[in-house]
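Chains, contacts and geometry: an overview
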Amino acid sequence: MPHASPPDATTASGKAAARGAGPRSSTPPNTPSSGASGAPSGTPGGPSGVDGRSSRWQSHREERRRELIKSARKAVHALGSDASMEDIAIAAGTSKSVFYRYFGDKAGLQQAVGEVVLGQMQRRIQEAAQSAQTPREGLFAMVSAYLQMAETSPNVYTFVTRHGHGDADTAGPSVSTAGALSHFFAAISDMIARPMRSHLGGGQDKEAVIGYWPNAAIGLVRNAGEQWLASPPGPAKPDQEAMARQITDWLCFGIAPELQTPPPKGADPVPDRGTS
């Protein structure tokens, strides 16, 4: 509402001028523009205030998500790789709906935990490979680091590397988990190929070896390693270092040395099936 002037404050000519002029603006001088939102920029209702709240909320969600991943990892370590979402939530001190809100389903939780665990394994394997002086030393260092990390928690390793599961929370294979696992093994394959390429040199025939052999090596390491992890303790189960050396020898020499070893004395010779 415009401020009314005292009766004697305006002359007749001033009144006429006022009547001929347009309506006065009620905005005080030097008032900042409110912008499109109707609130001054930088105030709680303005764009900067909205952006600030959004940033704080996003940071809160990311921190909460990290806490849930850490809690899920501890729960799986203690309960086993078949732990359900409800079991994990109870161990984490929260409800199953919270995990669904952050991860969608069990496959999403597997992927999230897998990205953390496999990322740590990848960095550890890379550090081990960088300290090696020869390709064979590099292979042993990588195999040893892989077995060490997996042996730290076989339950967690199985949880993040298993493509499918029978849990009622998720039906069918976990495509997202398979993707994280594929990325991990692709990175390891590249770590194996680089020193091989440097050692063997160029040439199309060498590239064929380098193209196939690292992936074949990963298959051997993974299958042998997972069988070793699942084996119960006993005299027949080698320790971690012995298993790493055995796998490295298989990678470098295959089983040719065992095939060339003569049979022990007194053993019956292998019959020649080509004779009657």
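Residues numbered from 1 in each chain as written. Predicted model: local features only at pLDDT ≥ 70, side-chain atom pairs only at ≥ 80, totals over all residues. Heavy atoms only, no water.

Our focus in this paragraph is the packing of aromatic side chains. If you walk through the whole model with that rule in mind, you get three aromatic pairs. Geometry around Trp228 places Lys237 over its ring, the cationic atom sitting 5.2 Å from the centre. When the ring centre of Phe140 is taken as reference, the NZ or CZ atom of Arg245 above it lies at 4.3 Å. (Phe/Tyr/Trp six-rings, centres within 6.5 Å; stacked < 30°, edge-to-face > 60°. Lys NZ or Arg CZ within 6 Å of the ring centre and 35° of its normal.)

Moving on, we get to empty space enclosed by the protein. Counted by the stated rule, this structure contains one cavity of 30 Å³ or more. The computed volume of the largest cavity comes to approximately 150 Å³. Considering the residues around the largest cavity, the lining is formed by 14 residues, among which Val143, Ile188, Ile192, Ile218 and Val221 are closest to the centre. Of all the secondary structure elements, the ones that give two or more residues to the lining of the largest cavity are helix H6 (135-152), helix H8 (175-200) and helix H9 (204-230). Residues of the lining of the largest cavity, tallied by class, amount to 13 nonpolar, no polar and one charged. (1 Å grid on protein atoms, 1.4 Å probe; cavity = no way out; pocket = protein on both sides within 12 Å on 5 of 7 lines; lining within 4 Å. Points joined across faces, edges and corners; volume = space filled by probe spheres on them. Helix = DSSP H or I, 4+ residues; strand = E, 2+ residues; numbered from the N terminus. Nonpolar A, V, L, I, M, F, W, Y, C, P; charged D, E, K, R; others polar.)

A few words on the environment of Arg65. Positionally, Arg65 belongs in helix H2 (residues 47-79). Each C-alpha atom, one on Arg65 and one on Phe103, is 8.6 Å from the other, the two residues being 38 residues apart in sequence. In contact with Arg65, not counting residues within four places along its chain, are Tyr102, Phe103 and Ala112. (Contact = heavy atoms within 4.5 Å.)

A few words on the confidence of the model for the protein chain. Averaged over all residues, the pLDDT of the protein chain equals 78, while 69% of them reach at least 70. Confidence scores differ between elements of the protein chain, with helix H1 (residues 12-20) showing the lowest mean pLDDT of 42 and helix H3 (residues 85-92) the highest of 96. This stretch, residues 1-42, has a pLDDT under 50; its non-local contacts, to residues over four places away or in other chains, come to 15 contacts. Contacts of residues 164-174 to residues separated by more than four positions or lying in other chains number 23 contacts, the stretch itself having pLDDT below 50. (pLDDT = per-residue confidence, 0-100.)

Another point: the pattern of salt bridges. Across all of its chains, the model carries seven salt bridges by this definition. Where Glu63 meets Arg66, a salt bridge forms, and the shortest distance between an N and an O atom there is 2.8 Å. With Glu63 and Arg66 both in helix H2 and three residues apart, this pair spans about one turn of that helix. What makes Glu63 partly exposed here is its relative accessible area of 36%. Salt-bridge contacts for Glu226 lead to Arg222; the nearest nitrogen and oxygen are separated by 2.8 Å. With Glu226 and Arg222 both in helix H9, this residue pair falls four residues apart, about one helical turn. Under the relative-accessibility criterion, Glu226 is labelled partly exposed at 27%. Judged by its relative accessible area of 21%, Arg222 falls in the partly exposed class. (Salt bridge = Lys/Arg side-chain N within 4 Å of Asp/Glu carboxyl O. Buried < 20%, exposed > 50% of the residue type's maximum accessible area, 1.4 Å probe, protein only.)

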